[in-house]
Each structure stands twice: as structure tokens, then as C-alpha cells.
Amino acid sequence: MTDIVYDVEGFRAFLPKETLRWIRHRELERKVGVVEKFSDRVGPIPVEIRRRRSQYGEFYHAGKGTTRIQARVSAAMECVERAAAEPREEIIERGPEGDKWTPAWYRTEPREWVEGVDLTTREPVYVPANEVFHPWLGDALPSHTNGLSAGRLREEAVIQGLLEVVERDSWSIVEYFRIHPPELEVHGELEELRRSLEREVGRVELRLLPSRVEGVYVVGAVTEAERVEEMVMGFGASPDPEMAVLRALLEVAQGLSMARRGIESPVRKGLGEFSAPGKLTPERLKRLNRHWFEPEGTVEIDDLDRVITTGSLEKLTEELVERVAEAGLGKVIEVDLTLENLDVPVVRVRVTGASEYVIDEARVGNMPEKPPGVPMG
């Protein structure tokens, strides 16, 4: 069993300084096409931005963390996962025999498939290429990066990819039902961090989202700024509520950094379209998204339990898979996207019934008849 030795922004088997040395020794950023690096800081939060070129175009990726070292690790690993997610003909199959997952939102059966594994049964299952690769231009539905993750070990990647899917499922429930999540009150260092971001942007408020997975908390952070471009959102999911809050606040910092550089970021899209900012004022944006700015009730973070029963990376992976399966969200599928020349574990995690409504309104998934309640420990 592998011990979890670092559990600040995520669950890792190595300290950030060790991983940064490992990244540099392998020259990972050069190998995946990084051509420019930017260092930024939003309040006390360091943000690292990378410009990467590939045959599919030029992309910006960002990393954030509680330290500059962790932000650099985060940025490098995001570059690796995005490079590994680009289409590869050698792992695509056409007309495979065996268990195949055809999402309900597909109008016709896909023609290209990639083999994955059902993590609850350990049986192989084929996944549409559009659910694995990004960018993928072969289907009408746009591809995306939900559930895509890299790590020093496979389990690190699976945990983070799975938590991201749960996070987007909760966010989708909020948007689908237009519910008003309660305010989440925090204290100590987390409250200091929230207030430091408020000094950068105006107001930063925390919301506790409804989670369909028992023991996994999902937190959203939303900014109220004088400029539409700086009204961003951040999200975090974890069995540790404090980690979920931290990840949400770090994502806000990342979104602000990218917005100030004029770089489009997924966390900027949560509150509406930014294609014509001159026609969209902060006041109008708030009216359109009042469910984020008018919370119903308050939850104290001290009332939420830290639902982690193991210090083992493998055991935590198994527990999270079991919890998602027990939630009735369908199969939990892992697709291995590791590039041989990098030898850095990269996975795409797909949960067949999880909603991705916030990514594409066609991807509703197994939406409940009514939204689940907010977890109370």
C-alpha cells in the first residue's frame, strides 16, 4: 500500500518539491510542447501559466497552489494530461466486440472507440472516442476535459479525475434546477485566504453544493467584481471539506489571473457568456445568476465531518469508486492515456450517469427528479 504523504490541495504520494525535481529531470514541459511560461500571484496565491503548441493548435494551461512549487507542479501536470488527451490512432478501435457504453445523448452509435476498464467489476468496456480524447473533431458534440487527470501514480490520477466528475455533477444539478446553495462559513486560515482574495476582486462568497456522492463535499466560490471579466467561479470536491474549500479558492485565483491576461478559462464561463462584455454589466450578470448570489441558509464548515477512513492511496481510490457506484451514477470507467515517451500516468475517468450539463446541455446524464439535499456531515 502507498501512503498519502501530501493532502493539502489533493491526495499525493510525494511532496511537491520531490515531484517538481522529477518533472524537471524528465524535461516534461519541453517534451509536451511548452514554449512560454508566466508566473503570477493573485493575493497570496501563486499561479503558473503555460503556453503549449501541438499539431492541434496553441493552448494555455494553468496551475495553482498554496506554494509556488505546487503551482509549478500543477501547471506542468496539466500540460502533460492535455498532451496525453490528444487523439492517437493507435488506441482507437472501430466496431469492437464486447461491452460498449453508448451515452444517452448520442443520436447514433459512435464509430470510434477506446478500451477502458469498469473499476467496479474490473471488466473491459469500450468508450466513445469523443468521451476520451480532447480535442476531438469527429462528432457533433464538443469534447471536453472533465475527468482528465495526471499523477505520479495511477491512483493519484484516478482520485483527482473522479472527484472532478463528482464536482461537475453537483455544479450541473445547481444549474439544471437553478437552486440556491447555502453559504458556507469558514474560519481560520481559509477565512483569511477568502478575505485576501476579496481585497483583490471585491467579494468572494462560498457555497456548499448538493452532492449525490455520500462523503464527498463540493464547494463553489463565486466573485462579485466591478468588471464582468473578473466575475469568475471556482470549484472543489473532496471527502475533506477544508480541501474542497481550498481548491475552490485556488481556482478563483487561477480564473482571475487568466482573465487579467485575456485568456479564456472554463471557470469564467460559469456565470454566462463573455463574448460581448460591453453589453453585459456585473449587475445584469448577477440578476441572470441570482441563484449564486442569493444563498438559502448558512452551513458552518465545523459541522462537516472529514470523511476519510484511510491513509492509503489505493484504499482511498477504492472507497471513492464504491461511493460513486453506490450513489447510482452508473459505471465508473477508467481509460489509460499514458504516453509511452513520458511514462506519466494519465487517465480519463468517465461516470456513465453523472451529469455534465454545465459542459454541454445535451449531457444531462441521470439527473434526479429533484435535487439532493446539501450534506450536513
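Residues numbered from 1 in each chain as written. Predicted model: local features only at pLDDT ≥ 70, side-chain atom pairs only at ≥ 80, totals over all residues. Heavy atoms only, no water.

Section: the nonpolar core
Consideration 1: Phe-11, Leu-184 and Val-245 are the most contacted members of the largest nonpolar core, which totals 76 residues.
Consideration 2: Look past the residues within four positions of Leu-184 in its chain and what remains in contact with it is Leu-206, Arg-207, Leu-208, Val-219, Val-245, Val-299, Glu-300, Ile-301 and Leu-304. (Core = buried A, V, L, I, M, F, W, Y, C linked by side-chain atoms within 4.5 Å. Buried < 20%, exposed > 50% of the residue type's maximum accessible area, 1.4 Å probe, protein only. Contact = heavy atoms within 4.5 Å.)

What to know about the UniProt feature "binding site: Mg(2+) 2" (unreviewed entry) in the chain
Consideration 1: When the UniProt feature table is mapped to this numbering, "binding site: Mg(2+) 2" (unreviewed entry) covers Glu-81 and Glu-164. Look at the named residues: they lie 84 residues apart in sequence, but the longest C-alpha span between them is just 14.0 Å, so in the fold they bunch up.
Consideration 2: Here Glu-81 shows up in helix H3 (residues 68–84).
Consideration 3: Excluding its chain neighbours within four sequence positions, the residues that come into contact with Glu-81 are Leu-148, Ser-149, Ala-150 and Val-346.
Consideration 4: Positionally, Glu-164 belongs in helix H4 (residues 154–177). (UniProt positions renumbered as here; feature names shortened; annotations may be inferred. Helix = DSSP H or I, 4+ residues; strand = E, 2+ residues; numbered from the N terminus.)

Looking at the packing of aromatic side chains
Consideration 1: Considering all chains together, one arrives at six aromatic pairs under this definition.
Consideration 2: Between Trp-101 and Trp-105, the ring centres sit 6.3 Å apart and the planes meet at 90 degrees, which makes this aromatic pair edge-to-face. Side by side, Trp-101 and Trp-105 carry an identical accessibility label, which is buried.
Consideration 3: Centroid distance Trp-171 to Phe-235: 4.1 Å. Interplanar angle 25 degrees. Geometry classified as stacked. Of this pair, Trp-171 sits in helix H4 while Phe-235 is found in strand E10 (residues 233–238), placing the two residues 64 residues apart along the sequence.
Consideration 4: Residue classification places Trp-171 among the buried positions, given a relative accessible area of 8%.
Consideration 5: Its relative accessible area of 1% is what places Phe-235 among the buried residues.
Consideration 6: Ring-pair connections join several aromatic residues into one group, and the members of that group are Trp-171, Phe-235 and Trp-292. (Phe/Tyr/Trp six-rings, centres within 6.5 Å; stacked < 30°, edge-to-face > 60°.)

Considering the confidence of the model for the chain
Consideration 1: For the chain, per-residue confidence averages 93 on the pLDDT scale, and residues scoring 70 or more make up 95% of the total.
Consideration 2: Segment residues 273–277 is flagged for pLDDT under 50; beyond a separation of four residues in sequence, or across chains, it makes seven contacts in the model. (pLDDT = per-residue confidence, 0-100.)

Describing empty space enclosed by the protein
Consideration 1: Across all of its chains, the model carries one cavity of 30 Å³ or more by this definition.
Consideration 2: For the largest cavity, the calculated volume is near 30 Å³.
Consideration 3: Lining the largest cavity, in full, are Gly-10, Phe-11, Arg-12, Glu-156, Ile-159 and Gln-160.
Consideration 4: Looking at side-chain class alone, the lining of the largest cavity contains two nonpolar, two polar and two charged residues. (1 Å grid on protein atoms, 1.4 Å probe; cavity = no way out; pocket = protein on both sides within 12 Å on 5 of 7 lines; lining within 4 Å. Points joined across faces, edges and corners; volume = space filled by probe spheres on them. Nonpolar A, V, L, I, M, F, W, Y, C, P; charged D, E, K, R; others polar.)

A closer look at the sheet that holds strand E1 (residues 34–42)
Sheet strands associate in pairs through backbone hydrogen bonding, adopting either a parallel or an antiparallel arrangement.
Consideration 1: Across the sheet, which stays open at both edges, the three strands sit in the order E1-E2-E3 with antiparallel pairing between neighbours. Since the sheet does not close on itself, it has two edges, and those belong to E1 and strand E3 (57–64), each with one partner. For this sheet the average axis-to-axis angle between neighbouring strands, irrespective of direction, equals 20 degrees.
Consideration 2: By the bridge criterion, eight bridges tie strand E2 (residues 45–54) to E3 in an arrangement that is antiparallel. Among the inter-strand pairings, Ser-54 is bridged to a residue of E3, identified as Gly-57.
Consideration 3: Packed on one face of the sheet, H3 meets E1, E2 and E3 and runs near 25 degrees to E2.
Consideration 4: Here helix H6 (residues 241–260) sits on the sheet and contacts E1, E2 and E3; the angle it forms with E2, its principal contact strand, is near 55 degrees. (Pairing = 2+ DSSP bridges. Axes fitted to C-alpha atoms, helices over the stretch in contact; angles between N-to-C directions.)

Structural notes on the UniProt feature "binding site: ADP" (unreviewed entry) in the chain
Consideration 1: The feature "binding site: ADP" (unreviewed entry), as annotated in UniProt, sits at Arg-12, Lys-64, Gln-70, Ser-74, Glu-81, Ala-150, Glu-156 and Gln-160 in this numbering. Of the annotated set named above, Arg-12, Glu-156 and Gln-160 line the largest cavity.
Consideration 2: Following the sequence through the fold, Gln-160 ends up in helix H4.
Consideration 3: Contact partners of Gln-160, with chain neighbours within four places excluded, come to Arg-12, Ser-149 and Arg-247.

Notes on unusual backbone geometry
Trans is the common state for peptide bonds, and a negative phi is the common state for residues other than glycine.
Consideration 1: Of note, the bond from His-134 into Pro-135 is cis; its omega dihedral lies within 30 degrees of zero at 0 degrees.
Consideration 2: Mapped onto the fold, Pro-135 is located in the loop between strand E5 (124–128) and strand E6 (148–150).
Consideration 3: Of note in this structure, Arg-122 is not a glycine but carries a positive phi near 65 degrees.
Consideration 4: By secondary structure assignment, the location of Arg-122 is in the loop between strand E4 (113–118) and E5.
Consideration 5: Positioned with a positive phi, Asp-343 is a non-glycine residue whose angle comes to about 55 degrees.
Consideration 6: Within the secondary structure, Asp-343 sits in the loop between strand E12 (332–336) and strand E13 (346–351).

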